[in-house]
Amino acid sequence: MEKVRFNKHEFDTEHEAICSALFDKYGWRWERAKQAYGGWRPDFTLKGKTVVLVECKSGLEWDDVNRFKELQRYEDAVRGTNCEVLLIPGCPKKVTGVKGYEITALGYLYDGEVWSYAELGTWSGQVGFCHRGNSWKDRMSGKDADRSWGDGKRPNIELDWHSAIQAFRGKRVSYFKESVDSEIEHWDTSSEQRSPR
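For clarity, every value in this text was computed on a predicted model and none was experimentally measured.

A. View of the overall build of the protein. Helix and strand content of the protein: 3 helices and 10 strands. Seen in sequence order, the protein has helices and strands lined up from the N terminus as β-β-α-β-β-β-α-β-β-β-β-β-α. Expressed as a percentage of contacts within the protein between residues at least 6 apart in sequence, the contacts between residues at least 24 apart total 46%. Element-wise, carbon and sulfur atoms account for 44% of the exposed surface of the protein, whose accessible area totals about 10,700 Å².

Next up, the structure:
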């Protein structure tokens, strides 16, 4: 498999590179995972107040996550550690929660007990995310809030994700298209850090 280079880092997939661009946009400290956990090497380690191991799965549909066989492997890998697991399928999106509320979801977060949406919000003006099911504590800053989206502001994940794609691919992304895979507006870039598609 051909590696992807972006911003002086090497990634296994475009999805990983785009996720790194999103993390940079939000000001999150991340690094490529340096160690394996129970035979599993995550794609990233997010280093906030909680250590979150990130797995990027671009081909995984949101509706198929609960049938994804690797979930048990991730759970076993972090058992006995203070780490949590963030699974980012496809692209982050807005979803409707079980009580009918709109949730801005980055992916699914395993907190050592249960998988739930990793809900994006702001805590003291900084973008972070919490575990929708068990804790409204921001994993990046460690701050608690009275509600799952922090201090009441939610980032526009569709816009931010498109911006991350644009940063990686070096082309304009059309917001009038139904999916990010159908952008048509290109702009020329001579950056040597991007790999050809």
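B. Focus on the packing of helix α1 (residues 14–26) against helix α3 (residues 157–169). α3 packs onto α1 with a crossing angle of 115° between their chain directions and a minimal axis gap of 8 Å. As α1 packs across α3, the resulting crossing turns out to be right-handed. Side by side, α1 and α3 meet where Glu14, His15, Ala17, Ile18, Cys19, Ala21, Leu22, Lys25 and Tyr26 of the first sit next to Ile157, Asp160, Trp161, Ser163, Ala164, Ile165, Ala167, Phe168 and Arg169 of the second. Classifying every residue of the contact of α1 with α3 by side-chain character gives 12 nonpolar, 2 polar and 4 charged.

C. Spotlight on unusual backbone geometry. The backbone of Asn7 sits at a positive phi, close to 50°, despite the residue not being glycine. Tracing the backbone shows Asn7 in the loop between β1 (4–6) and β2 (9–11).

D. Seen up close, the layout of surface pockets. Taken as a whole, the second largest pocket encloses approximately 200 Å³ of empty space. Taken together, 14 residues form the lining of the second largest pocket, with Gly27, Trp28, Gln126, Met140 and Ser141 sitting closest to its centre. Residue composition of the lining of the second largest pocket, by class: 5 nonpolar, 5 polar and 4 charged.

E. View of the pattern of salt bridges. One pass over the structure, following the stated rule, counts 13 salt bridges. With a closest N to O distance of 4.0 Å, Asp160 and Lys25 form a salt bridge. Here Asp160 is found in helix α3, whereas its partner Lys25 is found in helix α1, with 135 residues between them in sequence. Residue classification places Asp160 among the buried positions, given a relative accessible area of 10%.

F. Examining the pairing of strand β4 (residues 44–47) more closely. Where strand β3 (residues 30–32) and β4 come together, 3 bridges link them in antiparallel fashion. Among the inter-strand pairings, Trp30 is bridged to a residue of β4, identified as Leu46. The hairpin formed by β4 and strand β5 (residues 51–57) contains 3 residues between the paired strands.

G. Focus on α1. Spanning 13 residues, α1 covers 19 Å between terminal C-alpha atoms, matching the ideal 18 Å at 1.5 Å per step. Taken from the residues just after α1, Gly27 is the one with a positive phi, measuring 75°.

H. Looking closely at the confidence of the model for the protein. Per-residue pLDDT for the protein has a mean of 84; in total, 85% of the residues score no lower than 70. Predicted confidence is poor over residues 180–197, with pLDDT under 50, and the contacts of this stretch with residues over four places away or in other chains come to 37 contacts.

I. Examining the packing of aromatic side chains more closely. Under the criterion given, the structure shown has 14 aromatic pairs. Centre to centre, the rings of Phe68 and Tyr74 are 6.3 Å apart; their planes meet at 50°, and the pair counts as tilted. Assigned by exposure class, Phe68 and Tyr74 land together as buried. The structure contains a cluster of three or more aromatic residues connected by ring pairs, namely Phe11, Phe23, Tyr26, Trp28, Trp30, Phe44 and Phe129. Sitting above the plane of the Phe44 ring, Arg32 keeps its charged end 5.2 Å from the centroid.

About the cut-offs
- Starting from 1, residues in each chain are numbered consecutively following that chain's sequence as written.
- Side-chain atom pairs in this predicted model are given and counted only at pLDDT of 80 or more, local residue features only at pLDDT of at least 70, and totals for whole chains, interfaces and linings cover all residues.
- Based on all heavy atoms of the structure, the side-chain values leave hydrogens and waters out of the count.
- Under the DSSP-based scheme used, a helix requires at least four consecutive residues in state H or I and a strand at least two consecutive residues in state E, with every element numbered from the N terminus.
- A contact between two residues is defined here by any heavy atoms of the two lying within 4.5 Å.
- The Shrake-Rupley method, run with a 1.4 Å probe, gives the accessible areas here. Residue values count only the displayed protein chains as cover.
- Only the contacting stretch of a helix is used when fitting its axis, a line to C-alpha atoms as for every element, and angles between N-to-C directions run 0 to 180 degrees.
- Two helices cross in a left-handed way if the nearer one is turned anticlockwise from the farther one by less than a right angle. They cross in a right-handed way if the turn is clockwise.
- Classification used: nonpolar for Ala, Val, Leu, Ile, Met, Phe, Trp, Tyr, Cys and Pro, charged for Asp, Glu, Lys and Arg, polar for all others including Gly.
- Throughout, the protein atoms alone are placed on a 1 Å grid, and a set of points is a cavity if a 1.4 Å probe fits but cannot get out or a pocket if it is open with protein on both sides within 12 Å along at least five of seven lines; lining residues have an atom within 4 Å of a point.
- Grid points are joined across faces, edges and corners, and a volume is the space filled by probe spheres set on the points.
- The salt bridge criterion pairs a side-chain nitrogen of Lys or Arg with a carboxyl oxygen of Asp or Glu, the two atoms within 4 Å.
- The cut-offs for exposure are 20% and 50% of the maximum accessible area for each residue type, with area from a 1.4 Å probe on protein chains only; residues under the lower value are buried, those over the upper are exposed, and the others partly exposed.
- One requirement defines pairing of two strands: DSSP has to find at least two bridges between them.
- Expected helix span is computed as 1.5 Å times (number of residues minus one).
- Per-residue confidence from the predictor is given as pLDDT, running between 0 and 100.
- Ring geometry is summarised as follows: Phe, Tyr and Trp rings, the Trp one being its six-membered ring, pair when their centres sit within 6.5 Å, and such pairs are stacked at plane angles under 30 degrees, edge-to-face over 60 and tilted between the two.
- Our definition puts a charge over a ring when NZ of Lys or CZ of Arg is within 6 Å of the ring centre and also within 35 degrees of the ring normal.

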